[in-house]
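Reading the structure
Here are the chains, one letter per residue:
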Amino acid sequence: MDVVRPEFVPDPSLSTAEMEALQRDIADVAVFDDDHGVDPAAVAIDGPVGQSTLGEAGDGAADEPDADRPLVAGVDQAFVGDRAVSAVVVLRGRTVVERAFAVEPTEIPYVPGLLSFREGGAILSAFAELDADPDLVFVDGSGRIHYREAGLATHVGVTLDVPTVGVAKNLLCGTPRESLDRKLPEGTRVPIDADGDVETAERGTCIGYAVQTRQYESETQYVNPLLVSPGHRVGTETAADLVLATAAGYKLPEPTRVADSYADELKSEV
DNA sequence: GCGACAG
DNA sequence: ATCTTGTCGC
């Protein structure tokens, strides 16, 4: 996959003010509505909990049950010393059809709100190595849940012009409509509203959801929800639907989970 | 000055 | 993100 909007490629050498200005430009062209053709039901991974399997080279369409299903990718980063490893995995249903990666030196430290300038370059390089063009990409981090509505998932989605969903484990900004500090049942979603920290959105606008993909049986112990938001060309509600549909018995959606372990695997080899 | 802050 | 042992549970 190649960059479609070169003017948005993250440049770590920009000043903070320039980075923030670029994010505003990105948010201006980002589409937080459905424009993707992916039916959550078509990407749903159901049945018993099981690991995604690597597709075999000789698989023909005849015995491939997922042949007509959408391609969904997951991307995740790991760090080795001063280098970032970005790993992309493409799934069709539960089958891994392609993997790609890139290793690049980290130019700048992590700064909340400017994550895409630290990790975006490696991600784009990994996608440049990818032959497939996925119908949807899950990115590890926020999308619209961001100070300028231009988080990592939005930045990557707009630059590649591919539908993306942001999946984060922690909340960057915004206010949950109800407390998340309690045990939420599996399948629950709690709206995240823009607050004073979100400069570009009217206060009260729903910019994402806390999504409970998994929960324990136990009464006292509980799993924290994921924080899901549109990256690009996906609506807020649909972003939550897609995450719930692709969570196969684990907290993380399957594409993200598989990209996670691939990044770990690469870390040992690099 | 103090608190908050994706990965 | 990363540094790390044991431990609870299916």
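Remember, it's a predicted structure, so these values are computed and weren't measured experimentally.

1. Quick look at the protein's contact with DNA strand C
The environment of DNA strand C is made up of Ala78, Phe79, Lys169 and Lys267. Between Phe79 and DNA strand C, the recorded distance is 3.3 Å, taken from a backbone N or O atom to a phosphate oxygen. With respect to DNA strand C, the side chain of Lys267 contributes an N or O atom lying 3.3 Å from a phosphate oxygen. Taken together, the residues of the surface near DNA strand C sort by class into 2 nonpolar, no polar and 2 charged.

2. Considerations on the packing of helix H3 (residues 115-128) against helix H4 (residues 152-160)
Between H3 and H4, the shortest axis-to-axis distance is 10 Å and the interhelical angle comes to 40°. For the element pair H3 / H4, the angle class is oblique. Like other packed secondary-structure pairs, H3 and H4 cross with a definite hand, here right-handed. Across from Leu115, Ser116, Phe117, Glu119, Gly120, Ile123, Leu124 and Phe127 in H3, the residues of H4 making contact are Leu152, His155, Val156, Thr159 and Leu160. Partitioned by chemical class, the residues of the contact of H3 with H4 number 8 nonpolar, 4 polar and 1 charged.

3. Things to note about the nonpolar core
Of all hydrophobic cores here, the largest spans 21 residues; its most connected members are Val75, Val88, Phe127, Val137 and Leu160. Elements supplying a minimum of two residues to this core: strand E2 (71-80), strand E3 (83-92), strand E4 (95-105), H3, strand E5 (136-140) and H4. Ignoring anything within four residues of it in the chain, the contact list for Val75 reads Ser86, Ala87, Val88, Ile123, Phe127, Val137, Phe138, Val139, Asp140 and Ala259. Residues Ala44, Val72, Leu136 and Val243 belong to the second largest nonpolar core, which totals 19 residues.

4. What to know about the side chain of Ser142
Among the structural elements, Ser142 can be located in the loop between E5 and H4. A distance of 3.2 Å separates a polar atom in the side chain of Ser142 from the backbone oxygen of Ile145. Setting aside anything within four residues of it in sequence, one finds Ser142 in contact with Gly151, Leu152, Ala153, Thr154, Gly166, Ala168, Leu172 and Ser229.

5. A look at the UniProt feature "site: Interaction with target DNA" (unreviewed entry) in chain A
Look at the UniProt record and you will see "site: Interaction with target DNA" (unreviewed entry) annotated at Tyr110. Mapped onto the fold, Tyr110 is located in the loop between E4 and H3. Residue Tyr110 is classed as partly exposed on the basis of its relative accessible area, which comes to 49%.

6. Regarding unusual backbone geometry
Backbone geometry places Asp161, a non-glycine residue, at a positive phi of 50°. Counting through the fold element by element, Asp161 comes out in the loop between H4 and strand E6 (164-168). Residue class for Asp161 comes out partly exposed when judged on its relative accessible area of 36%.

7. Here's the deal with the protein's contact with DNA strand B
In the vicinity of DNA strand B, 17 residues are found, and the nearest of them are Tyr110, Gly113, Asp140, Lys169 and Asn170. Among atoms of DNA strand B positioned within 4 Å of the protein, sugar and phosphate together represent 52%. With respect to DNA strand B, the backbone of Ser142 contributes an N or O atom lying 3.0 Å from a base nitrogen. Within the side chain of Asn170, an N or O atom sits 2.9 Å from a phosphate oxygen of DNA strand B.

Criteria and thresholds
- Residues numbered from 1 in each chain as written.
- Chains lettered and ligands numbered in written order.
- Predicted model: local features only at pLDDT ≥ 70, side-chain atom pairs only at ≥ 80, totals over all residues.
- Heavy atoms only, no water.
- Near = heavy atom within 4 Å.
- Polar contact = N/O pair within 3.5 Å; in protein donor to acceptor, adjacent residues only side chain to side chain.
- Nonpolar A, V, L, I, M, F, W, Y, C, P; charged D, E, K, R; others polar.
- Axes fitted to C-alpha atoms, helices over the stretch in contact; angles between N-to-C directions.
- Helix = DSSP H or I, 4+ residues; strand = E, 2+ residues; numbered from the N terminus.
- Parallel < 35°, antiparallel > 145°, perpendicular 65-115°, else oblique.
- Left-handed = near helix turned anticlockwise from the far one by under 90°.
- Contact = heavy atoms within 4.5 Å.
- Core = buried A, V, L, I, M, F, W, Y, C linked by side-chain atoms within 4.5 Å.
- Buried < 20%, exposed > 50% of the residue type's maximum accessible area, 1.4 Å probe, protein only.
- UniProt positions renumbered as here; feature names shortened; annotations may be inferred.

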